[in-house]
Amino acid sequence: MSNPTASFFEALGRRGHEPLLEQATGTIRFDLDHEQGVDQWFLMVDRGDVRVSRDEGEADCVLHSTRTNFDRIVDGTTHIYSAWVRNDIRVEGDLRLAALIQGIMPGPPGAHHPREFAQARRRPA
């Protein structure tokens, strides 16, 4: 069985640089509860340069959720902001960092980037 959360963080770590986070510097820890305990993912951001690890430690921002809820977010089934409003995600610390994370979360399955969608619509049939 695949783990959408692990796949998301591994892919994010391979990017090395995320343009949507160029205005951010800080650390974010994701504490994701599940039946066997808590998974922790640590995201370090330095003006868009990102590094992902499984380190424990203090962070500028900590997001708490269940792994099941976070799996739904990273597979595009649930939007992170909606989960936050429903209190499926709780945030401690720097809320600005938490808000910036929203931009790097995947969209719904089959969704297209608005620019790609507009370009496809302009192409002659």
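Parameters and conventions
- Residues numbered from 1 in each chain as written.
- Predicted model: local features only at pLDDT ≥ 70, side-chain atom pairs only at ≥ 80, totals over all residues.
- Heavy atoms only, no water.
- Salt bridge = Lys/Arg side-chain N within 4 Å of Asp/Glu carboxyl O.
- Helix = DSSP H or I, 4+ residues; strand = E, 2+ residues; numbered from the N terminus.
- Buried < 20%, exposed > 50% of the residue type's maximum accessible area, 1.4 Å probe, protein only.
- Axes fitted to C-alpha atoms, helices over the stretch in contact; angles between N-to-C directions.
- Parallel < 35°, antiparallel > 145°, perpendicular 65-115°, else oblique.
- Left-handed = near helix turned anticlockwise from the far one by under 90°.
- Contact = heavy atoms within 4.5 Å.
- Core = buried A, V, L, I, M, F, W, Y, C linked by side-chain atoms within 4.5 Å.
- Phe/Tyr/Trp six-rings, centres within 6.5 Å; stacked < 30°, edge-to-face > 60°.
- Lys NZ or Arg CZ within 6 Å of the ring centre and 35° of its normal.
- Polar contact = N/O pair within 3.5 Å; in protein donor to acceptor, adjacent residues only side chain to side chain.

A.B. asks: Help me understand the pattern of salt bridges, please; the structure alone is not making it clear to me.
C.D. replies: Close approach of charged atoms lets side chains of opposite charge pair. Under the definition given, this model contains seven salt bridges. Notably, a salt bridge pairs Arg-67 with Asp-39, separated by 2.9 Å at the nearest N-O pair. Of the two residues, Arg-67 sits in helix H2 (residues 67-74) while Asp-39 sits in strand E2 (residues 37-46), which places them 28 residues apart along the sequence. With its nearest N and O atoms 3.6 Å apart, the salt bridge here joins Arg-96 to Asp-94. Taking the relative accessible area as the measure of exposure, Arg-96 reaches 41% and is therefore partly exposed. Among the residues examined, Asp-94 registers a relative accessible area of 26% and is labelled partly exposed. Several salt bridges share partner residues, and in doing so they unite Asp-39, Arg-54 and Arg-67 into one network.

A.B. asks: Hey, could you run me through the packing of helix H1 (residues 4-15) against H2 in this one?
C.D. replies: Relative placement of two packed helices is described by the angle separating their axes and the distance separating the axes. Closest axis-to-axis distance for the H1/H2 pair is 8 Å, and the angle between their directions is 55°. On the basis of their axis angle, the class for H1 and H2 is oblique. Where H1 crosses over H2, the two elements pack in a sense that is left-handed. Along the contact surface, H1 presents Pro-4, Thr-5, Phe-8 and Phe-9, while H2 presents Arg-67, Phe-70, Asp-71 and Val-74.

A.B. asks: How should the environment of Arg-47 be read in this particular structure?
C.D. replies: Residue placement: Arg-47 occurs in the loop between E2 and strand E3 (49-53). Judged by its relative accessible area of 56%, Arg-47 is exposed. Each C-alpha atom of the pair Arg-47 and Glu-18 lies 8.7 Å from the other, and the pair is 29 residues apart in sequence. In contact with Arg-47, other than residues within four places in its own chain, are His-17, Leu-21, Glu-22, Ala-24 and Thr-25.

A.B. asks: Looking at this structure, how should I read the nonpolar core?
C.D. replies: If you look at soluble globular proteins, the nonpolar side chains tend to sit buried side by side. Ile-28, Phe-30, Leu-43, Leu-63, Phe-70, Ile-101 and Met-105 are the most contacted members of the largest nonpolar core, which has 27 residues in total. Going through the elements one at a time, H1, strand E1 (25-34), E2, strand E4 (61-66), H2, helix H3 (80-85) and helix H4 (95-101) are the ones with two or more residues in this core. Discounting residues that sit within four places of it in the chain, Leu-63 has contacts with Ile-28, Arg-29, Phe-30, Asp-31, Ile-80, Ile-89, Arg-90, Val-91 and Ala-98.

A.B. asks: Which parts of the structure should I look at to understand the packing of aromatic side chains?
C.D. replies: What characterises a pair of aromatic rings is the spacing of the ring centres plus the angle enclosed by the ring planes. Enumeration over the complete set of coordinates arrives at five aromatic pairs. Grouping aromatic residues by their ring pairs yields a cluster made of Phe-8, Phe-9, Phe-30, Trp-41 and Phe-70. When the ring centre of Trp-41 is taken as origin, the NZ or CZ atom of Arg-54, which lies over that ring, is 4.0 Å away.

A.B. asks: Which parts of the structure should I look at to understand the environment of Thr-25?
C.D. replies: Relative to the elements of secondary structure, Thr-25 occurs in strand E1. On the basis of relative accessible area, Thr-25 is assigned to the partly exposed category, the value being 44%. Spatially, the C-alpha atom of Thr-25 lies 4.4 Å from that of Asp-46, the residues being 21 residues apart in sequence. If sequence neighbours within four positions are ignored, Thr-25 has contacts with Val-45, Asp-46, Arg-47, Arg-96 and Leu-97. Polar side-chain contacts of Thr-25 include one of 3.3 Å to the backbone nitrogen of Arg-47.

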